Amino acid sequence: MKFFVDTAEVDQIAELNDLGMVDGVTTNPSLIMKSGRDIIEVTKEIAEMVDGPVSAEVVALEADAMIEEGRKLAKIADNIAVKVPLTWAGLKACNVLSNEGNMVNVTLCFSANQALLAAKAGATFISPFIGRLDDINLDGMELISDIRQIYDNYGYDTQILAASIRSVNHAYQAAMIGSDVMTAPPAVIKKMAEHPLTDAGLDAFMKDWAKTGQKIV
Ligand code: E4P
């Protein structure tokens, strides 16, 4: 499963990128707002840093305006994926931008039918929002599973990008279902390394090692 980092904080992306953990980056208007940076400048900086797709989201609501914004965002770098919302206008923009050779990430997906439409419109990525479905007591993972089955049934090559990942359990479940990609905040990716038995085992090894009085270097 590919790991995208869900942030516009350049330092946090760099830390994970240096470890080889970053297959791409996703941003959205809220993440740009939190970064306090100019969208064009920060997106360019991120796209120069990472090799994989960097999603930059349009903010227009009409198809023609989305297409215009998408073309501008796509010009920032070759690895930009233009992010459009899953509305009828967004699907139109997806179709045009995709036919022009751009990667398109269709975001704010909350149903399998929406995901089916995005695939037909030529989306490179579909972003079902797991956490936001869980927030309203619906099963986000069931949606990932349904989209996986539908895409496999018909051979769509749109990649499932599990988004709104809030916990290590979300990451685990998305991987088990066969999501192509997950996008998660840096803190969730780092937390995946943690296990209490790892900590306890390391503590015991360190105590025993101290008793030997030895050094390796
Ligand atoms: C990614 O593309 C989404 O914008 C992001 O994962 C949303 O996450 P949130 O629901 O935690 O804001």
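Not measured: the values here are computed from a predicted model. (Residues numbered from 1 in each chain as written. Predicted model: local features only at pLDDT ≥ 70, side-chain atom pairs only at ≥ 80, totals over all residues. Heavy atoms only, no water.)

Remarks on the nonpolar core
Item 1. Counting residues in each nonpolar core, the largest one holds 59 residues, and the members touching the most others are Ile80, Val84, Val106, Ile126, Ile147, Ile165 and Met182.
Item 2. Among the nonpolar cores identified, the runner-up in size contains 5 residues, and Phe4, Phe125, Leu161 and Val181 belong to it. (Core = buried A, V, L, I, M, F, W, Y, C linked by side-chain atoms within 4.5 Å. Buried < 20%, exposed > 50% of the residue type's maximum accessible area, 1.4 Å probe, protein only.)

Some details on the side chain of His170
Item 1. By the secondary structure assignment, His170 is in helix α9 (residues 168-177).
Item 2. Since its relative accessible area comes to 9%, His170 is described here as buried.
Item 3. Ignoring anything within four residues of it in the chain, the contact list for His170 reads Ile130, Gly131, Asp134, Met141, Ser164 and Ile165. (Helix = DSSP H or I, 4+ residues; strand = E, 2+ residues; numbered from the N terminus. Contact = heavy atoms within 4.5 Å.)

Overview of a nonpolar patch on the surface
Item 1. Together, Leu202, Phe205, Met206, Trp209, Ile216 and Val217 line one region of the surface with nonpolar side chains, adding up to about 760 Å² of accessible area.
Item 2. The residue Met206 is located in helix α11 (residues 196-212) in this model.
Item 3. Its relative accessible area of 47% is what places Met206 among the partly exposed residues. (Patch = residues over 30% accessible without salt bridge, like charges linked within 9 Å, V, L, I, M, F, W, Y side chains within 5 Å. Areas by Shrake-Rupley, 256 points an atom, 1.4 Å probe, with all protein chains shown as cover. Salt bridge = Lys/Arg side-chain N within 4 Å of Asp/Glu carboxyl O.)

A word on the UniProt feature "active site" (unreviewed entry) in the protein chain
Item 1. The feature "active site" (unreviewed entry), as given by UniProt, occupies Lys83 in the numbering adopted here.
Item 2. Here Lys83 is to be found in strand β4 (residues 80-85).
Item 3. On the basis of relative accessibility, which here comes to 4%, the residue Lys83 falls in the buried class.
Item 4. If we ignore the near neighbours within four places in the chain, the residues touching Lys83 are Thr26, Thr27, Asn28, Ser55, Ala56, Glu57, Val58, Asn105 and Thr107. (UniProt positions renumbered as here; feature names shortened; annotations may be inferred.)

Side note on the side chain of Asn105
Item 1. Secondary-structure assignment places Asn105 in strand β5 (residues 103-109).
Item 2. Polar side-chain contacts of Asn105 include one of 3.0 Å to the side chain of Ser55.
Item 3. Aside from chain neighbours lying at most four places away, what touches Asn105 is Thr26, Ser55, Val82, Lys83, Val84, Phe125, Ser127 and Leu161. (Polar contact = N/O pair within 3.5 Å; in protein donor to acceptor, adjacent residues only side chain to side chain.)

So, the pattern of salt bridges
Item 1. Scanning the model with the defined rule gives 11 salt bridges in all.
Item 2. Taking the shortest distance from any N to any O, the salt bridge between Glu48 and Lys44 comes out at 3.0 Å. Of this pair, Glu48 and Lys44 both sit in helix α3 (residues 39-49), 4 residues apart, which is roughly one turn of the helix.
Item 3. In this structure Glu48 comes out as exposed when scored by relative accessible area, which is 59%.
Item 4. Across the pair Glu194 and Lys191 runs a salt bridge, and its minimum N-O distance is 3.3 Å.

Examining the pairing of strand β3 (residues 54-57)
Item 1. Across the two faces of β3 the burial is the same, with Val54 and Ala56 and Ser55 and Glu57 all buried.
Item 2. Across 2 bridges, the pairing between strand β2 (residues 24-26) and β3 is parallel. Across the sheet, Val25 pairs through a bridge with Val54, a residue of β3.
Item 3. In this sheet, β4 lies alongside β3 in parallel orientation, the contact comprising 4 bridges. Opposite Ser55, over in β4, you have Ala81 as the bridge partner.
Item 4. Read as a crossover between parallel neighbours, the route from β3 over helix α4 (residues 63-74) to β4 is right-handed. (Pairing = 2+ DSSP bridges. Right-handed = clockwise from strand over helix to strand, strands pointing away.)

Concerning the packing of helix α6 (residues 112-120) against helix α8 (residues 140-154)
Each packed pair of helices is defined by two parameters, the angle between the axes and the distance between the axes.
Item 1. Packing of α6 against α8 leaves a shortest axis separation of 9 Å and a crossing angle of 40°. By the angle between their directions, the pair α6 and α8 is classed as oblique. Relative to α8, α6 is oriented so that their crossing is right-handed. Together, Ala112, Ala115, Leu116 and Ala119 of α6 and Leu143, Asp146, Ile147, Ile150 and Tyr151 of α8 make up the contact between the two elements.
Item 2. Looking at the contact of α6 with α8, its residues break down into 8 nonpolar, no polar and 1 charged. (Axes fitted to C-alpha atoms, helices over the stretch in contact; angles between N-to-C directions. Parallel < 35°, antiparallel > 145°, perpendicular 65-115°, else oblique. Left-handed = near helix turned anticlockwise from the far one by under 90°. Nonpolar A, V, L, I, M, F, W, Y, C, P; charged D, E, K, R; others polar.)

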